[in-house]
Amino acid sequence: MKKRILITGAAGFIGSNLIHKLLKTGCYCVIGLDNFDAFYPRAAKEQNIAPFAEDKNFRFYEGDIRNRADLDALDDIDVIVHLAAKAGVRPSIKDPILYQDVNVGGTQNLLEFARRRGIKQFVFASSSSVYGINAHVPWSEDDKLMPISPYASTKLSCEMLGHVYSHLYGIRFLALRFFTVYGPGQRPDLAIHKFFRAISSGQPIPVFGDGSTSRDYTYVEDTVRGIEAAILYESSDFEVINLGNHRTITLEGLIEAIEESCGKKAIIDRQPEQPGDVPQTYADIAKARKILQYSPSTDLKTGLDNFYSWYRQTQEQDPL
Ligand SMILES: NC(=O)c1ccc[n+]([C@@H]2O[C@H](COP(=O)([O-])OP(=O)(O)OC[C@H]3O[C@@H](n4cnc5c(N)ncnc54)[C@H](O)[C@@H]3O)[C@@H](O)[C@H]2O)c1
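These numbers were taken from a predicted model, which means no experiment stands behind them.

Enquirer: Which residues make up the site of the ligand, and what are the values?
Expert: Near the ligand you find 30 residues, and of these Gly 9, Gly 12, Phe 13, Ala 85 and Ala 125 are the closest. Those elements that place two or more of their residues in the shell around the ligand are α1 (13-25), β2 (28-34), α5 (96-117) and β5 (121-127). Ranked by residue count, the leading element in the shell around the ligand is α1, at three residues. Partitioned by chemical class, the residues of the shell around the ligand number 15 nonpolar, eight polar and seven charged.

In structure tokens, the structure reads:
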């Protein structure tokens, strides 16, 4: 019998890549839930899930994780993969109450739903941002957490909520800390997408700070392989796991790599550093390797070329 997987945030970037991966295996029925949050255009999200419309192993529900009735309307479920959230560090500083409401309130509502329905496995999209300004890298899961944005603090709260529900109700809770995920379908607010759009059309790119900040970019196919391993994981009831790439690149280096992929030079629009942005991210992935057999294999050049090829096919001809 196929495992029935609920994916919240199904129409988003990581959600739609995960649906593609799970359906391809033939081992899962996927139930997608998304409210088409206005953070970026609905049309982009509809485009993300359009390829699955005819798949008999996929059902989509438009609904809000904060709304009990929307959850109660869903089919039977074995595992929840909870990706729905207000994403983005900078906008969370503008509207922290909304981030708290959707990310923490929504996660609590979903955990209550899991408890009511007797769903015993919950995979949660946490974030590298919980490490914040901890200067000791690479970050491993038991390092000190020093978040510096409302977004990051909501993710940490959700990890703790997960511990509560795992302890009280035996719901296995796996918090996966994603490290800047990129690839086809990437959110339009994220640097790689923004830079390709601007550089390929001869527009200036805003660069915050002196270009020395660094990120551990993870290709989305590697991330979704890690998520699938977490869906199948059964060895303990609560784990926090880094899903990064264990390779960092500076902002300056990233821009050069994108210039190479595009075949065009960037026009730099230098801006001050942004509050809430951390100077570096860098994942220690020893735990993921050990317990999820996670092994990211996509190098930056291949990942950027794949992104650009998707961008040209879907965005350049028919911008959303
Ligand atoms: N992309 C990254 O680099 C990254 C890094 C760390 C963590 N994450 C986390 O991974 C998850 C997925 O990120 P993404 O980049 O795919 O973002 P995304 O914005 O593309 O996807 C999130 C989806 O959640 C939906 N959503 C928002 N509020 C909702 C609600 N109240 N009810 C139902 N659906 C709702 C949105 O419409 C969207 O389709 C998020 O939780 C994000 O915080 C992402």
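Enquirer: Can you explain the environment of Phe 307? Please cite residues and give values.
Expert: Take Phe 307: it is sitting in helix α11 (residues 300-316). Each C-alpha atom, one on Phe 307 and one on Gly 12, is 16 Å from the other, the two residues being 295 residues apart in sequence.

Enquirer: Describe α5, listing the residues and the values that go with them.
Expert: The end-to-end C-alpha distance of α5, which contains 22 residues, comes to 31 Å, matching closely the 32 Å that a straight helix rising 1.5 Å per residue would cover. Tyr 99, Val 102, Asn 103, Gly 106, Thr 107, Leu 110, Leu 111, Phe 113 and Ala 114 are the residues of α5 that are buried. Turning to α5, the residues buried within the fold contact β1 (3-8), α3 (68-72), β4 (79-82), α4 (89-94), β5 and α6 (150-169). Within two residues after α5, Gly 118 carries a phi angle of roughly 70 degrees, on the positive side.

Enquirer: Give me the lowdown on unusual backbone geometry, citing residues and values where you can.
Expert: With an omega of -5 degrees, the peptide bond running from Val 137 to Pro 138 counts as cis. Looking at the element boundaries, Pro 138 is found in the loop between β5 and α6. Located in the positive-phi region is Phe 36, a residue other than glycine, with phi close to 50 degrees. Among the structural elements, Phe 36 can be located in the loop between β2 and α2 (42-49). The partly exposed category is assigned to Phe 36, around which 16 C-beta atoms lie within 10 Å.

Enquirer: Describe in detail the sheet that holds β4, supporting the description with residues and values.
Expert: The strand order across the open sheet built from seven strands is β3-β2-β1-β4-β5-β6-β11, with neighbouring strands paired in parallel fashion. Single-partner strands in this sheet number two, and they are β3 (58-62) and β11 (238-243). When strand polarity is set aside, the average angle formed by the axes of neighbouring strands in this sheet is 20 degrees. Strands in contact with α1 are β1, β2, β3 and β4; relative to β2, the strand with the most contacts, it is inclined by about 165 degrees. Each of β5, β6 (172-178) and β11 is contacted by α6, which is oriented at about 160 degrees to β5, the strand it contacts most.

Rules and cut-offs
- Residues numbered from 1 in each chain as written.
- Predicted model: local features only at pLDDT ≥ 70, side-chain atom pairs only at ≥ 80, totals over all residues.
- Near = placed C-beta within 6 Å.
- Helix = DSSP H or I, 4+ residues; strand = E, 2+ residues; numbered from the N terminus.
- Nonpolar A, V, L, I, M, F, W, Y, C, P; charged D, E, K, R; others polar.
- Expected span 1.5 Å × (residues − 1).
- Buried ≥ 20, exposed ≤ 12 C-beta atoms within 10 Å, placed from the backbone.
- Contact = placed C-beta atoms within 7 Å.
- Pairing = 2+ DSSP bridges.
- Axes fitted to C-alpha atoms, helices over the stretch in contact; angles between N-to-C directions.

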